[in-house]
Amino acid sequence: MELQYSDITRQVKQIVSLLASLLCLLVVLVSMLANFWFDDYIQDLCSSDQLPSFVPSFLRRFIKYTPKILLPVTVGCLDALYSNIAVSLNNWENYKHQRTYENWLVLKLIMFKFVNSFLALFYIAFYLQDFDRLKDTLAALLITKQIVGNFGEILGPTIISWVKGDYR
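We now turn to the structure provided with this report. This structure is a prediction, so every number in the text was calculated from the model and none was measured.

Our focus in this paragraph is the overall build of the chain. Regarding its fold elements, the chain presents four helices and zero strands. Counting from the amino terminus, the chain carries its helices and strands in the arrangement α-α-α-α. At 21 Å, the chain has a C-alpha radius of gyration far larger than the 15 Å of a compact globule built from 168 residues. Its C-alpha atoms give the chain principal-axis dimensions of about 70 × 55 × 25 Å. Evaluated residue by residue, the chain yields a buried proportion of 29% over its 168 residues. In the chain, once contacts between residues fewer than 6 apart in sequence are set aside, the share between residues at least 24 apart is 66%.

What follows deals with the nonpolar core. Cys-24, Leu-25, Val-28, Leu-78, Tyr-82, Ala-86, Tyr-95, Tyr-101, Leu-105 and Phe-112 together form the largest nonpolar core, which totals ten residues. With residues up to four places along the chain from it excluded, the contact list for Tyr-95 reads Arg-10, Gln-14, Asn-90, Thr-100, Tyr-101, Trp-104 and Lys-108. Ranked by size, the runner-up nonpolar core spans nine residues in total, among them Phe-36, Leu-121, Ile-124 and Leu-134.

Tallying each qualifying case throughout the model produces four salt bridges. With a shortest N-O distance of 3.3 Å, Asp-39 and Lys-68 are connected by a salt bridge. With Asp-39 in helix H1 (residues 7-47) and Lys-68 in helix H2 (residues 57-93), this residue pair connects regions lying 29 residues apart in the sequence. The same class applies to Asp-39 as to Lys-68, namely buried. With its nearest N and O atoms 3.4 Å apart, the salt bridge here joins Arg-133 to Asp-39. Of this pair, Arg-133 sits in helix H4 (residues 131-164) while Asp-39 is found in helix H1, placing the two residues 94 residues apart along the sequence. Taken individually, Arg-133 and Asp-39 each receive the classification buried, so the pair is uniform in this respect. One connected set of salt bridges, linked through shared partners, spans Asp-39, Asp-40, Lys-68 and Arg-133.

Definitions and cut-offs
Residues numbered from 1 in each chain as written. Predicted model: local features only at pLDDT ≥ 70, side-chain atom pairs only at ≥ 80, totals over all residues. Heavy atoms only, no water. Helix = DSSP H or I, 4+ residues; strand = E, 2+ residues; numbered from the N terminus. Rg over C-alpha atoms; globule rule 2.2 N^0.38 Å. Buried < 20%, exposed > 50% of the residue type's maximum accessible area, 1.4 Å probe, protein only. Contact = heavy atoms within 4.5 Å. Core = buried A, V, L, I, M, F, W, Y, C linked by side-chain atoms within 4.5 Å. Salt bridge = Lys/Arg side-chain N within 4 Å of Asp/Glu carboxyl O.

Structural measurements only, silent on function.
Shown next, in the form of structure tokens:
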């Protein structure tokens, strides 16, 4: 026999789940603002030549792009983390029907992934109105996601084979 909650219990659980999702969105906002602060700090550091003299020139150029690379990595990590949280929250809500379960899970995931993926771009475009920064951020997002995706497709099966001991 499967445990079923009353409608009021399920609604309370949905409200708690909504609050947890909003907290996760707040984490996205804070991480985005921290990344922008870090980016401004690094750009000021590189433009005013305050980096120590022992840092080679090629590393100076890499340091300049570190925050731009860090943003898409953060977005990907938060996506993966929230996907697990959303499934756990949905399981905790204990829906009666599979279709309702899937609809609420899709709603949670779409809401989070949309905000997580596009918040930085909307912030730059409509609040900062810095279109050069928007261009750089969009390029960094697309290129980094493509590189990480390619490495995941290539190295993922190889690592899994090594772990299982099937690697030849």
